[in-house]
Amino acid sequence: MHYDLIVIGSGPGGYFCAIRAAQLGMKVAVVEKERTFGGTCLNIGCIPSKALLHASELYDQAGHLFDRMGIKLGKPRLDLPGMMKFKDAGVDGNVKGVAFLFRKNKIESFEGIGRIAGNGVVEVTSAGKTERLEANAIVIATGSDVARLPGIEIDERRIVSSTGALVLDRVPERLLVIGAGVIGLELGSVWRRLGSEVVVVEFLDRILPGMDNEVCRQFHRLLEKQGMTFRLSSKVAGVAAVDGALQATVAPANGGATQAIGADVVLVAVGRVPYTEGLGLKAAGVNKDNKGRIVVDARFATNVSGIYAIGDVIAGPMLAHKAEEEGIACVERMAGVPGHVNYACIPNVVYTHPELASVGLSEEDARERGIEVRVGTFPFQANGRAKALGEREGQVKLVADAATDRLLGAHIVGARASDMIAELVVAMELGASAEDIARSVHAHPTLPEAVKEAALGVAGRAIHI
Ligand SMILES: Cc1cc2nc3c(=O)[nH]c(=O)nc-3n(C[C@H](O)[C@H](O)[C@H](O)COP(=O)(O)OP(=O)(O)OC[C@H]3O[C@@H](n4cnc5c(N)ncnc54)[C@H](O)[C@@H]3O)c2cc1C
């Protein structure tokens, strides 16, 4: 069986890549080792976590906020299996959607582990049987796996990764989260809303490293106000089973006296690592870097002719939309169409409540690069719609080049920040200035008016503060 392109992996990187290749007239095959398409994102990542975040947020609001809005429901009761069913229905709809799109685009799919077995050859092994496929080009889109901590064995029941934390069959009384990155904060929020006491242990002295300091500090305070406890500059040295529960040994990051923290479930959320097991990369001669990521050039080509790689398995932020854009750009370049990914404009979102969304440079990043900046901030407290919704927490912060006024970065903590960041991504893509945003008419009353006000604030002329 000969194809123009074989894609190994059907996550957001792989399936976008396959569909765009088919649109460009290529004969495409996709190899996927799992029973459903969609990879980490659709099966055990973005989609199930957002379903649980949404359902748990409504549960939380029903318990606290509805009463203040004059809605009397009584104390809400949790039907955890029902909530899990709601989550599973969201996953099911998405993975079936990818299967439909493959059929629609005449993409052939093969279930099994794909291994590169020579120049343009992929062998697919499933249930002891091996099939041989051939192609002019191969794209590796095998994604990532959970990063583990030495000495802390994940059993996905009591010591869980994000995968286990999405399917817990009861609400743990005490949840210890190792890692204050996006996944730890999102899943920690889910279980806190459902009733867990949540302690987050983070090695660094701040949450969400890499994101704008000021905005993160405010976000941190808001999460604490909701009842999450943080142990920063601390590390978990080990987790032991004691009297039917777990006990984590927590030590200061730079050494010192340890402390025991009890927990019913421990969530290990210390990041993800590229996944290349079983691919036969060594035999194929494909280079990896010291972090296990496949090395590619600007066209996503590896050092071996005809083999490309995209998504979590290469360098860059491990985000679904980054993988998608790379998948598209990779085949467009193969087909001689001018595809590209603008790495300076990749949004990053934490889907808690309030949400945190950012794109581009933080204020510190810009200053570190020696760029003189002007900053405009606007609190949701002063936004009309936010007051009407009772969503007054958070702010918009814009970072602009002091010399040219060009927008360099945007950081939002607040309700629906994930939707609001899109305007700023487009603005940055188009090279907009803060003044461009300030002079664009924003519908009233909307939360994005806070974006316009922050842009006005860059020039010191916000109206409502
Ligand atoms: C809990 C969680 C929440 C997340 N939330 C978000 C979010 O809200 N937004 C966001 O942008 N990102 C989120 N992410 C990250 C996102 O899921 C990844 O960045 C994205 O899935 C990467 O896409 P990919 O196509 O590179 O790889 P993956 O989605 O990991 O897909 C790789 C696929 O390759 C298959 N595969 C691997 N090896 C082989 C082989 N040898 N043969 C055949 N098949 C193989 C795997 O089975 C898998 O299906 C989240 C991740 C997690 C874990």
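Residues numbered from 1 in each chain as written. Predicted model: local features only at pLDDT ≥ 70, side-chain atom pairs only at ≥ 80, totals over all residues. Heavy atoms only, no water.

(A) Quick look at the overall build of the protein. Counting its secondary structure elements, the protein contains 14 helices and 22 strands. The C-alpha atoms of the protein give 23 Å as radius of gyration, which agrees with the globular expectation for 465 residues (23 Å, within 12%). Based on the C-alpha atoms only, the size of the protein along its principal axes is roughly 65 × 65 × 50 Å. By residue count, 51% of the 465 residues in the protein fall in the buried class. Carbon and sulfur atoms provide 51% of the accessible area of the protein, an area that totals close to 21,400 Å². (Helix = DSSP H or I, 4+ residues; strand = E, 2+ residues; numbered from the N terminus. Rg over C-alpha atoms; globule rule 2.2 N^0.38 Å. Buried < 20%, exposed > 50% of the residue type's maximum accessible area, 1.4 Å probe, protein only. Areas by Shrake-Rupley, 256 points an atom, 1.4 Å probe, with all protein chains shown as cover.)

(B) Structural detail: the nonpolar core. Within the largest apolar cluster, 55 residues are counted, with the highest numbers of intra-cluster contacts made by Leu5, Ile6, Val7, Val28, Phe102 and Ile140. Residues Leu166, Leu168, Ala180 and Val190 belong to the second largest nonpolar core, which totals 37 residues. (Core = buried A, V, L, I, M, F, W, Y, C linked by side-chain atoms within 4.5 Å.)

(C) Just the packing of helix H1 (residues 12–23) against helix H4 (residues 80–104), in detail. Across the interface, H1 lies against H4 with an axial gap of 10 Å and an inter-helix angle of 25 degrees. Taken together, the axis directions place H1 and H4 in an arrangement best described as roughly parallel. Crossing angle aside, the handedness with which H1 passes H4 is left-handed. For the pair formed by H1 and H4, the contact residues are Tyr15, Ala18 and Ile19 on the first element and Val98, Leu101 and Phe102 on the second. Here the contact of H1 with H4 is composed, by residue class, of six nonpolar, no polar and no charged. (Axes fitted to C-alpha atoms, helices over the stretch in contact; angles between N-to-C directions. Parallel < 35°, antiparallel > 145°, perpendicular 65-115°, else oblique. Left-handed = near helix turned anticlockwise from the far one by under 90°. Contact = heavy atoms within 4.5 Å. Nonpolar A, V, L, I, M, F, W, Y, C, P; charged D, E, K, R; others polar.)

(D) Up close: the packing of H1 against helix H9 (residues 320–334). In the contact formed by H1 and H9, the axes pass within 7 Å of each other and the chain directions differ by 30 degrees. In this view, H1 runs roughly parallel relative to H9, as classed from their interaxial angle. By crossing handedness, the relation of H1 to H9 is classed as right-handed. Contacts from Pro12, Gly13, Phe16, Cys17, Arg20 and Ala21 of H1 reach H9 at Ala320, Ala323, Glu324, Gly327, Ile328, Val331 and Glu332. Tallied by class, residues from the contact of H1 with H9 come to eight nonpolar, two polar and three charged.

(E) Quick peek at the sheet that holds strand S8 (residues 159–160). Strand order across the open sheet formed by five strands is S8-S15-S9-S10-S11, with parallel pairing between neighbours. Of all strands in the sheet, those bounded by a partner on one side alone are S8 and strand S11 (229–231). By the bridge criterion, four bridges tie strand S9 (residues 174–178) to strand S15 (residues 265–268) in an arrangement that is parallel. Along S15, the bridge assignment pairs valine 177 with leucine 267. Helix-sheet contacts for helix H6 (residues 182–193) involve S9, strand S10 (197–201), S11 and S15, and the interaxial angle to S9 is about 175 degrees. (Pairing = 2+ DSSP bridges.)

(F) Local environment of the environment of glutamate 134. Here glutamate 134 lies in strand S6 (residues 129–140). On a C-alpha basis, the gap between glutamate 134 and leucine 176 in space is 48 Å, while along the polypeptide they are 42 residues apart. If near-sequence neighbours (up to four positions away) are discounted, glutamate 134 is found in contact with Met1, His2, Tyr3, Ile6, Gly120 and Val121.

(G) Focus on the site of the ligand. Every one of the 39 residues lining the ligand counts as a neighbour, but Glu32, Thr40, Lys50, Gly114 and Ala320 are closest to it. In this structure, an oxygen atom belonging to the ligand sits 3.2 Å away from a main-chain N or O atom of leucine 319. At 2.8 Å, a backbone N or O of alanine 320 approaches an oxygen atom of the ligand. About the coverage of the ligand: the protein hides 95% of its 990 Å² of free accessible area. Mapped onto the shell around the ligand, the elements with two or more residues apiece are H1, strand S2 (28–32), helix H2 (39–44), helix H3 (46–68), strand S4 (113–116) and H9. Element by element, the count of residues in the shell around the ligand is highest for H2, at four residues. Within the shell around the ligand, the residues separate by chemical class into 16 nonpolar, 17 polar and six charged. (Near = heavy atom within 4 Å. Polar contact = N/O pair within 3.5 Å; in protein donor to acceptor, adjacent residues only side chain to side chain.)

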